[in-house]
Amino acid sequence: MPVTTENLDRADVFHGLDPAHRLPPLKRVQWTPDFDWPALFRQARPVIIEGFVASWPAARKWDLDYLQDRLGDRPVRAAILGQGGVTTLDYCNERPLLFADLVGRLRSQTGRPARAGDVYLAQGGSLLSQDPPIQALYNEIDVPKVPLAVRAATLWMGSGGNVTYLHFDPMENVLAMLKGRKKLVLIPPDETPHVYPIYDPDPLGSAVNLRQPDFERHPRLKSVTYWEVVLEEGEALFLPMGYWHHVASEGLNIAVNVWWAPQHARWLLNAPMRGLFLAQITSRKGLKRLAKAKFQALKQLLSFAPMRH
Ligand SMILES: O=C(O)CCC(=O)C(=O)O
């Protein structure tokens with residue numbers, strides 16, 4: 001049974017994995033103005049970067065009042081959380097609303113446990129827009145300079161207790177914490193068989209529920225190795241393509257992430273991407289789609305467009 005927002009209901013639990021398989025704390029590095037981002041991306045290992053976000057104008061300015069002032073009348077799409085405050089980042093569970101209404105709802109949700117029906121600004125908070133007020137906000141963040149194409153930049157805003165379920169992304173990612181804190185479980189790509197990827201209907205998802213693991217149904221999950229990461233306000237996480245992540249946000253939380261298309265050679269070597277590629281080209285649906293769309297599906301996969309529909 002795939003995990004859905006309806007069956008991830010243990011709002012009080014971060015994860016139920018075996019502590020014996022927890023990896024030593026993730027490496028931390030200090031940001032400096034001459035920071036070598038391309039070298040960090042080449043290493044392709046998750047790292048916490050201290051001090052980077054503190055240098056952004058956004059770190060000084062962004063709070064609910066400021067963002068409402070700037071974007072109040074702009075439409076966004078908010079994720080509607082399922083049981084226990086979980087989102088599967090499924091576009092079907094999103095609702096359009098004005099940014100001012102989003103802020104009003106976040107204010108009224110703050111200070112109590114997240115629950116089904118709450119809002120969370122997730123993938124609907126794109127900062128790559130032709131809209132001048134949104135462009136002005138994008139200029140208040142500092143985007144790492146690497147020789148890769150930026151695919152998306154997203155504003156994430158929640159009221160605390162919101163959880164994004166276990167998935168991977170086919171892109172290189174820097175996730176920066178402006179307000180509040182996020183706790184993450186990170187699982188390396190070569191541990192993919194331990195998390196039971198589902199590929200269909202969510203090509204980036206897993207069948208396991210990290211809050212309430214069912215080790216009878218998913219016995220390999222018992223021995224999965226993982227990092228537990230706490231991303232504090234002002235810190236950024238470099239999350240290379242293919243690392244599985246489960247994200248629990250604490251307190252009123254505002255974050256920004258940037259996704260870059262990875263180099264082609266990298267995805268060929270990457271376990272979840274290989275699996276996804278094989279699943280796409282071997283499934284009947286995938287083959288039909290390929291035939292019908294004259295290889296559009298394959299091209300989409302190769303171009304690393306976000307694949308959540
Ligand atoms: O912060 C979240 O809730 C999810 C973030 C995420 O999945 C990402 O940055 O790829």
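Heads up: the structure comes first, above all this text.
Within each chain, residue numbers correspond to sequence positions counted from 1 in written order. Thresholds applied to this predicted model are a pLDDT of at least 70 for local features of residues and 80 or more for the giving and counting of side-chain atom pairs; totals over whole chains, interfaces and linings are not thresholded and use all residues. Side-chain metrics rest on all non-hydrogen atoms present in the structure, leaving aside hydrogens and water.

> If you had to explain the nonpolar core to someone new, which residues and values would you point to?
Considering soluble globular proteins, one finds that nonpolar side chains tend to be buried as a cluster. In this structure, Trp37, Ile49, Trp62, Phe99 and Met157 are the most contacted members of the largest nonpolar core, which totals 45 residues. The criterion used for residue contact is that any of the two residues' heavy atoms lie within 4.5 Å. Those residues in contact with tryptophan 37, other than ones at most four positions away along the chain, are Trp31, Ile49, Phe52, Pro144, Lys145, Val146 and Val174. The criterion is simple. A nonpolar core is a set of buried Ala, Val, Leu, Ile, Met, Phe, Trp, Tyr and Cys residues joined through side-chain atoms within 4.5 Å. Burial status follows relative accessibility: with a 1.4 Å probe on protein chains alone, a residue under 20% of its type maximum counts as buried, one over 50% as exposed, and anything between as partly exposed. Membership of the second largest hydrophobic core comes to 25 residues, among which are Tyr165, Tyr199, Val224 and Met241.

> With reference to specific residues and values, describe helix H4 (residues 99-109).
Numbering goes from the N terminus for both helices and strands, where a helix is a DSSP run of H or I of at least four residues and a strand is a run of E of at least two. Along H4, the residues classified as buried are Phe99, Leu102, Val103, Leu106 and Gln109. The arc that holds every buried residue of H4, seen down its axis, measures 125°, which confines them to one face. Residues of H4 that are buried make contact with helix H3 (64-71), strand E3 (75-80), strand E5 (94-98), strand E6 (119-121) and strand E7 (150-158). Positive phi appears at glycine 111, one or two residues downstream of H4, with a value of about 90°. By arc we mean the arc of the directions from the helix axis to the C-beta atoms, nothing more.

> Tell me about helix H7 (residues 271-282), and please be specific about residues and values.
Compared with an ideal rise of 1.5 Å per residue, which puts twelve residues at 16 Å, H7 spans 16 Å between its outermost C-alpha atoms and is within 8% of the ideal. Residues Pro272, Met273, Gly275, Leu276 and Gln280 constitute the buried set of H7. Buried residues of H7, seen end-on, are gathered within an arc of 160° and therefore sit on one face of the element. Expected helix span is taken as 1.5 Å per residue step, with the number of steps being one fewer than the number of residues.

> Please set out the packing of aromatic side chains residue by residue, giving values where relevant.
Pairing of aromatic rings covers Phe, Tyr and Trp, the last counted by its six-membered ring, and requires centre-to-centre distances within 6.5 Å; plane angles under 30 degrees mean stacked, over 60 mean edge-to-face, and any other angle means tilted. Within this structure, the stated rule accounts for eleven aromatic pairs. Arranged with centres 6.1 Å apart and planes meeting at 40°, the rings of tyrosine 120 and tryptophan 156 form a pair that is tilted. Of the two residues, tyrosine 120 sits in strand E6 while tryptophan 156 sits in strand E7, which places them 36 residues apart along the sequence. One residue, lysine 183, lies across the ring of phenylalanine 14, its end atom 5.2 Å from the ring centre. Charge over a ring is defined by NZ of Lys or CZ of Arg lying within 6 Å of the ring centre and within 35 degrees of the ring normal. Directly above the ring of phenylalanine 215 sits lysine 222, whose terminal nitrogen or CZ lies 4.8 Å from the centroid.

> Requested: an account of the pattern of salt bridges, with residues and values cited.
Working definition: two side chains of opposite charge can pair if their charged atoms are close together. Only one rule defines a salt bridge in this text: a Lys or Arg side-chain nitrogen within 4 Å of an Asp or Glu carboxyl oxygen. Scanning the entire structure with this criterion turns up 16 salt bridges. Glutamate 50 is the salt-bridge partner of arginine 28, the closest N and O atoms lying 2.7 Å from each other. Of the two residues, arginine 28 is situated in strand E1 (residues 28-30) and glutamate 50 in strand E2 (residues 47-50); the sequence distance between them amounts to 22 residues. The exposure class of glutamate 50 is partly exposed, given its relative accessible area of 25%. Across the pair glutamate 94 and arginine 77 runs a salt bridge, and its minimum N-O distance is 2.1 Å.

> Which residues make up empty space enclosed by the protein, and what values go with them?
Using a grid of 1 Å spacing that covers the protein atoms alone, one calls a set of points a cavity when a 1.4 Å probe fits there but cannot get out, and a pocket when the set is open and has protein on both sides within 12 Å along at least five of seven lines; lining residues are those with an atom within 4 Å of a point. Grid points are joined across faces, edges and corners, and a volume is the space filled by probe spheres set on the points. Within the structure shown, the criterion is met by three cavities of 30 Å³ or more. Roughly 140 Å³ of internal volume is contained in the largest cavity. Counting residues per element, the ones that place at least two in the lining of the largest cavity are strand E8 (163-167), strand E9 (172-187) and strand E12 (244-260). Put simply, Ala, Val, Leu, Ile, Met, Phe, Trp, Tyr, Cys and Pro go in the nonpolar bin, Asp, Glu, Lys and Arg in the charged bin, and everything else, Gly too, in the polar bin. Among the residues making up the lining of the largest cavity, the classes are represented as seven nonpolar, five polar and two charged.

> Break down the environment of phenylalanine 41 for me, citing the residues and quoting the values.
Of note, phenylalanine 41 is situated in helix H1 (residues 37-43). The class of phenylalanine 41 is buried, set by a relative accessible area of 7%. When the C-alpha atoms of phenylalanine 41 and proline 147 are compared, they prove to be 9.8 Å apart, with 106 residues separating the residues in sequence. If we skip the residues at most four places from it in the chain, phenylalanine 41 touches Val146, Leu148, Glu172, Val174, Phe238 and Trp260.

> Tell me about the packing of H3 against H4, residues and numbers included.
Running from amino to carboxyl end, H3 crosses H4 at an angle of 160°, the nearest separation of the two axes being 9 Å. Accordingly, the angle class assigned to the pair H3 and H4 is roughly antiparallel. Classified by chirality, the crossing of H4 by H3 is left-handed. Of H4, the residues touching H3 (which contributes Leu64, Asp65, Leu67, Gln68 and Leu71) are Phe99, Ala100, Val103, Leu106 and Arg107. Its residues placed into classes, the contact of H3 with H4 shows seven nonpolar, one polar and two charged. Orientation is described by axes fitted as lines to C-alpha atoms, over the contacting stretch for helices, and by angles from 0 to 180 degrees between their N-to-C directions. Just so you know how the angles are binned, under 35 degrees is roughly parallel, over 145 roughly antiparallel, 65 to 115 roughly perpendicular, and the rest oblique. Crossing handedness follows the turn of the near helix against the far one: under a right angle anticlockwise gives a left-handed crossing, and clockwise gives a right-handed one.

> Any details on the pairing of E12? Residues and values, ideally.
A regular strand places its side chains so that they alternate between the two faces of the sheet. Across the 17 residues that make up E12, a large majority, 14, are buried. At least two bridges found by DSSP between two strands is the condition for calling them paired. Pairing analysis gives eight bridges linking E7 to E12, with the strands arranged antiparallel. Its bridge partner lying in E12, tryptophan 156 is registered against alanine 255. Relative to E12, E8 is paired through three bridges, and the arrangement is antiparallel. Within E12, the residue paired with threonine 164 across the bridge is valine 247. Here 14 bridges tie E9 to E12, and the two strands are oriented antiparallel to one another. Following the sheet pairing, lysine 179 is matched in E12 by isoleucine 254.

> Describe the environment of valine 150, and please don't skip the residues or the numbers.
Note on placement: valine 150 falls in strand E7. Judged by its relative accessible area of 33%, valine 150 is partly exposed. It is 4.4 Å that separates the C-alpha atoms of valine 150 and tryptophan 260, two residues lying 110 residues apart in sequence. The residues contacting valine 150, other than those within four sequence positions of it, are Leu128, Tyr138, Val143, Val258, Trp259 and Trp260.

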